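In case you want the letters, here they are:
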Amino acid sequence: MTLSDLEPTPVHRGQCLRCEGGGASRTALLMAALVAVLLSSSTVKAAGGAVRYINDWKWEGQSAPLLLALDEGYFADENLDVTLDPGTGSIDAIPKVANGEYDLGSADINSLITWRAANPEVDLKAVYIIYNSPPFAVIGRPSLGVTGPHDLEGHVLGAPANDGAFAQWPAFVRANGIIAERVTIEDVGFPVREPLLADGKVDAITGFSFTSMVSLEASGVPAEDLSLMLMSDFGLDLYGNAIIVNPSFAAERPEDVKAFLRAAVRGFQQTIRNPAAAVQYPLKRTPDAEEAVELKRLVMAIGHHIATEEVSQIGLGDVVQPRLEKSIAQLAEMHEFAEIPVATDVFDDSYLPELGRRLLPSEEAQPLVTPLPPDPNVRPLEADVVAPEGTELAPAGQ
């Protein structure tokens, strides 16, 4: 399969109207047709126009797919004038999309589920899964006494309040039998989270794997002194971040939601084909970033969280409903839901392109999604990914 195979069907902007008769009747018919065309540009069926999107985080390597789609004209191909803004956290985007400040955005779907329970009057839904396997993680330092989940007891955990990973802390505690009262939670800001752990001022942190791990290694913390506890490896079978849509925008401009996702899928597919080229798009927006760092984030995001075995079966962006409902049930154990939602309350797949347009690129076209051989000195439960040899990493953060 090539990229051209995945080109969206061209948008038909108008049709030829054959009118019979002459004189005033012909003029009237032409005027009526003109009025209909003019009105169609503002009706709910109309495709095209401005779209405002808020990302879950600043422009790091893993944000390449949508930036690529923007810069390469994939959104323009769909007659969309898209603005992509950086975000400040996976939870922060939810109210901004709900109140109409943005039309779409990327946010943690699990936080969306709990937000909906507290705001039942707003039918805010996800329409595309970005991370099939969530990057939510707890990262400890064995030299500070934290290697596994139970080691957190008696230690200090640094966690930003708006962190998507920290939002899953209650479920992580329950799934692993941690005595929560024995863990000291320190609310820290995103910019200082990794530095605090690097300096030993906290013993562990919550964060996204590809953000925090890479930043800690970049700051000089030895790989053998980092313990990556992916929550998906410790009892939490959750989905990760998703594209969410403002309900009014979806109702008034459903074709634009579909068009946005068609372009987004193309961006993800092209990023998976060539991460080294795709990472240039976020790099253009963050001139101080190190290419090796951002490439490693991107490859880690693809290999661990986007191009999963499940995605190879169901395509990019979709969910398996029983799995989503299982994750909802896990969250319901932690929160007092007045009514437990079903999968279709939270995720609407009607805007997704057909499966044939959402397939992962062939394995031959994935040159950089390659795991390193296992290193017995490194404690992360999944193998790391390849970064160019001889490169130095510079800190970033989430």
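Remarks on the nonpolar core
- Ranked by internal contacts, the top residues of the largest apolar core, which has 112 residues, are Leu152 and Phe260.
- Broken down by element, this core gets its largest block of residues, nine residues, from helix H10 (residues 254-273).
- Ignoring sequence-local partners within four residues, the contact set of Phe260 consists of Val51, Tyr53, Phe75, Leu80, Val82, Leu104 and Ile243.

What about the packing of aromatic side chains?
- Counted by the stated rule, this structure contains nine aromatic pairs.
- Relative to Phe260, the ring of Tyr53 lies with its centre 5.3 Å away and its plane at 20°, an arrangement referred to as stacked. One end of the pair, Tyr53, is in strand E1 (residues 49-54); the other, Phe260, is in helix H10, with 207 residues separating them in the sequence.
- Among the residues examined, Tyr53 registers a relative accessible area of 1% and is labelled buried.
- A relative accessible area of 0% means that Phe260 is categorised as buried.
- Every member of this aromatic cluster is reached through a ring pair, and the members are Tyr131, Phe136, Phe208 and Phe210.
- Arg266 extends its terminal NZ or CZ atom over the ring of Tyr74, reaching a point 3.9 Å from the ring centre.
- Across from the ring centre of Tyr239, 3.9 Å away, lies the NZ or CZ of Arg323, which sits over that ring.

Some details on the sheet that holds strand E4 (residues 125-129)
- Taking strand neighbours across the sheet as the criterion, the five strands line up as E2-E1-E3-E10-E4 in an open arrangement whose pairing is mixed. Looking at strand neighbours, the two that pair on one side only are strand E2 (80-85) and E4, the edges of this open sheet. The average undirected angle you get between the axes of adjacent strands in this sheet is 30°.
- By the bridge criterion, two bridges tie E1 to strand E3 (residues 104-108) in an arrangement that is parallel. Among the inter-strand pairings, Tyr53 is bridged to a residue of E3, identified as Leu104.

Thoughts on the pairing of E3
- Of all five residues in E3, five are buried, a share of seventy percent or more.
- Side-chain alternation along E3 places Leu104, Ser106 and Asp108 on one buried face and Gly105 and Ala107 on a second face that is also buried.
- Here E3 runs beside strand E10 (residues 241-245); their pairing, made up of five bridges, is antiparallel. Paired with Gly105 across the strands is Ile244, a residue of E10.

About the cut-offs
Residues numbered from 1 in each chain as written. Predicted model: local features only at pLDDT ≥ 70, side-chain atom pairs only at ≥ 80, totals over all residues. Heavy atoms only, no water. Core = buried A, V, L, I, M, F, W, Y, C linked by side-chain atoms within 4.5 Å. Buried < 20%, exposed > 50% of the residue type's maximum accessible area, 1.4 Å probe, protein only. Helix = DSSP H or I, 4+ residues; strand = E, 2+ residues; numbered from the N terminus. Contact = heavy atoms within 4.5 Å. Phe/Tyr/Trp six-rings, centres within 6.5 Å; stacked < 30°, edge-to-face > 60°. Lys NZ or Arg CZ within 6 Å of the ring centre and 35° of its normal. Pairing = 2+ DSSP bridges. Axes fitted to C-alpha atoms, helices over the stretch in contact; angles between N-to-C directions.

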